[in-house]
Amino acid sequence: MAESSPTSTKARKTKRKSIEDYPPTMSSSSGPLTEELQCSICLDVFTDPVSTPCGHNFCKTCLNKCWDNSQTCNCPYCKETFKIRPDLKINTTLRELVDHYKKKSPEKKLEVLCDFCEERKQKALKSCLVCQSSYCETHLYPHLKVAGLKKHKLINPVRNLEDYICQKHERPLELFCRDDQTCVCPMCAVKDHKNHNTVPIEEESEEKKTQLMKTQKDVQQMIQDRIKKIQEVKHSAEVRKRNTEKEKAARVELFTDLIRSIERCQTELLEMMEEQQKAAEKQEEELIEELEQEITELKMRNTELEQLSHTEDHLHLLQIYSSLCSSRNTRNWSEISVKTDESQETLRRALTQLQDTLQEKLTLTDLKRMQQYEVDVTLDPDTAHPNLILSDDRKQVRCGDKRQKLPDNPERFDRYSNVLGKEGFSSGRFYFEVQVKEKTDWTLGVASEFIDRKGEITLRPSDGFWTVVLRNGNEYEAFADSLVSLCVRVKPQRVGVFVDYEEGLVSFYNVESSSHIYSYTGQSFTGKLYPFFSPELNYGGKNSTPLIITPVHHNK
């Protein structure tokens, strides 16, 4: 039986190498000209290198000539055939490596001339290691026809013949000692390298070429990986630029709305204050008028009293005495005052309303900005507790009463009614929304890939959980270092969850009311974060409504 969720949270820096960080040469047994930077068609350093779909590199001109003279387009290296002639693009990264190589090791193409031409020296065709001389086509003829000379060792013409001759025995370096990793002559193999593993130099060269081909493939793969990384960086920059423009537009819209709201509220407030001022002035005028009238009446009465106090007409005095001394119908002015409290209270109410309006617009704009990072979230059945029932489209989850027979794989929760999203996120920002309508209990948020799935777990950030929960229909809580009770004025029907991985931020919003619920800030994430869901137990059908991952309906 599933249990309700408990009620209780490095970036690797890499230094990008510049082209100057690579060595000027990557030496091989064939000399300073590296096969990694050599076209296999012209056997020269690449000029405008291009890459075939199969991953091999050639000079652009060499490959075009090869294909122009053939009815089919295939790779000269691996012979893979392409149905449609590829559109060749310059491999800029490889070209930078070639240019750097040429700057550090400029080639010196010096022709080897025949040693036996007496007048005008002809270009040598071959060099003989035995004779230690180079021959043109004419003077090479004896080596091709005379029996004794035909046994001599001929190689492509070279100027430094002494490098191909054993300085100790003056014999051609025809063997390679694998023990000492050096070229030797037959006499060296018999004497100084006796019992060593020696092989013909051609055999060792072919093996080294095989290794170089593997190295070349590795280098080509590295080049392709870096080209891909460049594309990723450029794409990321484009996405960031687009998002920045969107945020700028949203901010402009926000402040435009705020300015309009402030101006409108200011106008209303000033009008209200003006009306109150006029009403107060009217009240003051009426009070003054009434007071002045009573003063006039009192002065007249005072005059009468003064006259009667000196009269000799005793009969008249006695007749009107009662009326003069009786209390007149006048107001008790000690209880009358000009009230200013009402205008002050009205002003406070107006300012509060303005503040609420501004806060609502700020929250709405933040939510609109976060909704731009919507991701398509589906539930991962391999992580779902056996009591949970997932919809066919993996967008809904509810808790059943019966435990299903499912494999107890390491990813699956075995005690609490939890399930994770299928896709994880290790960088950037993402946002998703979940319908929680008609539920009395639920838990939502994100979880680290390193969380415990088995037995007792707690929903703390230190344990890899960043969540908000509903309990008993109206108790909203978050689990930071300690339990945080949340004041939610409007019961959410749909909850939005936003994560900024680099900023260490996880925020929750009531989508309908565009109000903020809670945020975890200053967090440090490691590895992937996965959307986290728990519909909680159904409590005899009272909480049987599923959690539903819904598409974002952008607020206007």
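Look up: the structure comes first, before these words.
A.B. asks: How do you make sense of the overall build of the chain when you look at a structure like this?
C.D. replies: Regarding its fold elements, the chain presents eight helices and 23 strands. When the 556 residues of the chain are sorted by exposure, 36% land in the buried category. If you sum the accessible surface of the chain, you get close to 35,100 Å²; carbon and sulfur atoms cover 50% of it.

A.B. asks: Mind showing me how you'd approach the pairing of strand β14 (residues 429-435) here?
C.D. replies: Along a regular strand, successive side chains alternate from one face of the sheet to the other. Taking burial as the measure, the seven residues of β14 include five buried ones, the bulk of the element. Across seven bridges, the pairing between β14 and strand β19 (residues 494-500) is antiparallel. When the bridges of β19 are listed, glutamate 433 appears paired with glycine 496. When β14 meets strand β23 (residues 547-550), the two strands line up antiparallel, connected through three bridges.

A.B. asks: Help me understand the pattern of salt bridges, please; the structure alone is not making it clear to me.
C.D. replies: Two side chains bearing opposite charge may form a pair once their charged atoms approach each other closely. Applying the stated rule across the entire model yields 22 salt bridges. For arginine 178, the salt bridge identified is with glutamate 207, shortest N-O distance 2.9 Å. Of the two residues, arginine 178 sits in the loop between β8 (175-177) and β9 (182-184) while glutamate 207 sits in helix α6 (residues 201-308), which places them 29 residues apart along the sequence. For the salt bridge of glutamate 206 with lysine 209, the shortest nitrogen-to-oxygen distance reads 3.9 Å. In this pair, glutamate 206 and lysine 209 both sit in helix α6, three residues apart, roughly one turn of the helix.

A.B. asks: What is the right way to look at the sheet that holds β9 in this model?
C.D. replies: Either a parallel or an antiparallel arrangement is found when strands of a sheet pair, and the pairing is made through backbone hydrogen bonds. Taken together, three strands build an open sheet; the order of strands is β9-β8-β10 and the sheet is antiparallel. Only two strands of the sheet have a single partner each, and these edge strands are β9 and β10 (198-200). The mean angle between the axes of side-by-side strands here comes to 35°, regardless of whether they run parallel or antiparallel. Taken together, the three bridges between β8 and β10 define a ladder with antiparallel strand orientation. Paired with cysteine 177 across the strands is threonine 198, a residue of β10. Contacting β8, β9 and β10, α6 runs over the sheet at an angle of about 90° to β10.

A.B. asks: Could you clarify how one ought to interpret the sheet that holds strand β18 (residues 483-486) in this entry?
C.D. replies: Spatially, β13-β22-β15-β16-β17-β18 is the arrangement adopted by the six strands of the open sheet, whose pairing is antiparallel. Of all strands in the sheet, those with a lone pairing partner are β13 (419-420) and β18, marking the two edges. Across six bridges, strand β15 (residues 442-448) lies against strand β22 (residues 529-534) in antiparallel orientation. Paired with leucine 444 across the strands is phenylalanine 533, a residue of β22.

A.B. asks: Can you walk me through the side chain of serine 133 in this structure?
C.D. replies: Position of serine 133 among the secondary structure elements: in strand β6 (residues 133-135). Within the local environment of serine 133, its side chain forms a polar contact with the backbone oxygen of cysteine 131, the two atoms lying 3.2 Å apart. Apart from residues no more than four positions distant in its own chain, serine 133 is found in contact with Asp115, Phe116, Lys126, Ser127, Cys128 and Leu161.

Rules used in this analysis
- Residues numbered from 1 in each chain as written.
- Predicted model: local features only at pLDDT ≥ 70, side-chain atom pairs only at ≥ 80, totals over all residues.
- Heavy atoms only, no water.
- Helix = DSSP H or I, 4+ residues; strand = E, 2+ residues; numbered from the N terminus.
- Buried < 20%, exposed > 50% of the residue type's maximum accessible area, 1.4 Å probe, protein only.
- Areas by Shrake-Rupley, 256 points an atom, 1.4 Å probe, with all protein chains shown as cover.
- Pairing = 2+ DSSP bridges.
- Salt bridge = Lys/Arg side-chain N within 4 Å of Asp/Glu carboxyl O.
- Axes fitted to C-alpha atoms, helices over the stretch in contact; angles between N-to-C directions.
- Contact = heavy atoms within 4.5 Å.
- Polar contact = N/O pair within 3.5 Å; in protein donor to acceptor, adjacent residues only side chain to side chain.

From the geometry alone we can't say anything about function, so treat these as descriptive.
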